[in-house]
Amino acid sequence: MKPLAFLLAAAAAFGADPPAKVTLPTSRADLERGKKLYQSNCSLCHGANGDGGRGAVLAGRKLARAADDAALLKVIEEGVRGTEMPGAWQLSAGEARQVAAFVRTLGRVSSKPVPGDPTHGADLYARNNCAACHTIRGQGGSTGPDLSDAGLRRNPGYLRTSLTDPEAEAPRSYQWVSLRTPAGDAITGTRLNEDSFSIQIRDPSGNVHSFWKHEISDLKKDRGKSTMPSYKQLSSADLDDLVAYLSSLKEAL
Ligand code: HEC
Ligand code: HEC
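Reading guide: rules and limits
- Residues numbered from 1 in each chain as written.
- Chains lettered and ligands numbered in written order.
- Predicted model: local features only at pLDDT ≥ 70, side-chain atom pairs only at ≥ 80, totals over all residues.
- Heavy atoms only, no water.
- Helix = DSSP H or I, 4+ residues; strand = E, 2+ residues; numbered from the N terminus.
- Buried < 20%, exposed > 50% of the residue type's maximum accessible area, 1.4 Å probe, protein only.
- Contact = heavy atoms within 4.5 Å.
- Areas by Shrake-Rupley, 256 points an atom, 1.4 Å probe, with all protein chains shown as cover.
- Donors = N, O, S within 2.8 Å, 3.2 Å for Na, K, Ca; no water.
- Tetrahedral: all angles 85-135°; square planar, octahedral: opposite > 155°, others 65-115°.
- Axes fitted to C-alpha atoms, helices over the stretch in contact; angles between N-to-C directions.
- Parallel < 35°, antiparallel > 145°, perpendicular 65-115°, else oblique.
- Nonpolar A, V, L, I, M, F, W, Y, C, P; charged D, E, K, R; others polar.

(A) Region of the structure containing the overall build of the chain. Counting secondary structure elements, the chain contains 10 helices and seven strands. Across the 253 residues in the chain, those meeting the buried criterion constitute 37%. Partitioning the contacts of the chain with sequence separation of at least 6, the portion at a separation of at least 24 is 61%. Here the chain has roughly 14500 Å² of accessible surface; of this, 56% comes from carbon and sulfur atoms.

So, in structure tokens, the structure goes:
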């Protein structure tokens, strides 16, 4: 047996198939097409230049969930379970590669610095008792989303609106739903994802549940209701400081 064939046979014997290598297209035409597809399928959440919003900031940083091109393609095609990141089932395999190639070019745009004093922001976070509802690095409540990586998932503009006008962001993201499980239990939580066949919700203790719609009953939704209080009354400088603090939270996944 030749050495290479032997190695391949050995790898197969251990079930250690080398991960399929993904090559992203690089031609100008592919990138142009990727950009168009990005604009119509992704920019709503990730911003026209990848500076984030409802979705993660994609520009100017290493992508935690997409360290290599194979992982990036998988995130795009399948989404991130339990989050608002949907799988792009509408794209063909070739289109997904074009979008991925375009996303890689976003990596070279640097994101703008955030004004404000993060240290004072941390102080405001403590004084306003945000931790009653939010967790940072394992500390705090779970009525609201974990903010440990808020700076990676959300851009400063989105964070500021979440503080001053929570209802504006609430209807699409944190919709409260109640339903009866297949076992007959009533549960309430916030909706993470929903399609024609399934729904994923997070209950107040932070557990994520996934159901097939045909198995549940009494599905009720409360559009626009938010338990996140508005902090409009804070001064503009204090809001800047809070946003600077939240933007600095970039705990690796
Ligand atoms: C409905 C909003 C939404 C849409 C549409 C959307 N995303 Fe996302 N995306 C998100 C959110 C939210 C996250 C962060 C998930 C998490 O919590 O890790 C994310 C995460 C990602 C990540 C991982 C980032 C990281 O840190 O590793 C990539 C890459 C990505 N999206 C690319 C895309 C592309 C490309 C498209 C279009 C084909 C797209 N997304 C469409 C909301 C969206
Ligand atoms: C009574 C509970 C409660 C308190 C107190 C609270 N929040 Fe929230 N917060 C929530 C909930 C629930 C959400 C989810 C969105 C919604 O329902 O509007 C949220 C959403 C957010 C978001 C958006 C996160 C995302 O990824 O979409 C940020 C940022 C945020 N809160 C920051 C804060 C800060 C900073 C404070 C303190 C000044 C605070 N919250 C106080 C419950 C709370």
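(B) Inspection of the coordination of the iron atom of ligand 1 at higher detail. Only His46 (NE2) and Met85 (SD) from the protein reach the iron atom of ligand 1 as donors, at distances of 2.0 to 2.1 Å. Taken together, the six donor atoms surrounding the iron atom of ligand 1 define angles of 86 to 178 degrees at the centre, an arrangement classified as octahedral. With His46 in helix α3 (residues 43-46) and Met85 in the loop between α4 (69-78) and α5 (93-106), this residue pair connects regions lying 39 residues apart in the sequence. For Met85, a relative accessible area of 22% translates into the label partly exposed.

(C) Seen up close, the packing of helix α2 (residues 28-41) against α5. Packing of α2 against α5 leaves a shortest axis separation of 7 Å and a crossing angle of 90 degrees. Judged on the interaxial angle alone, α5 and α2 are roughly perpendicular. Contact residues: α2 offers Asp30, Leu31, Arg33, Gly34, Lys35, Leu37 and Tyr38, while α5 offers Glu95, Gln98, Val99, Ala101, Phe102, Val103, Thr105 and Leu106. Considering only residue class, the contact of α2 with α5 consists of eight nonpolar, three polar and four charged.

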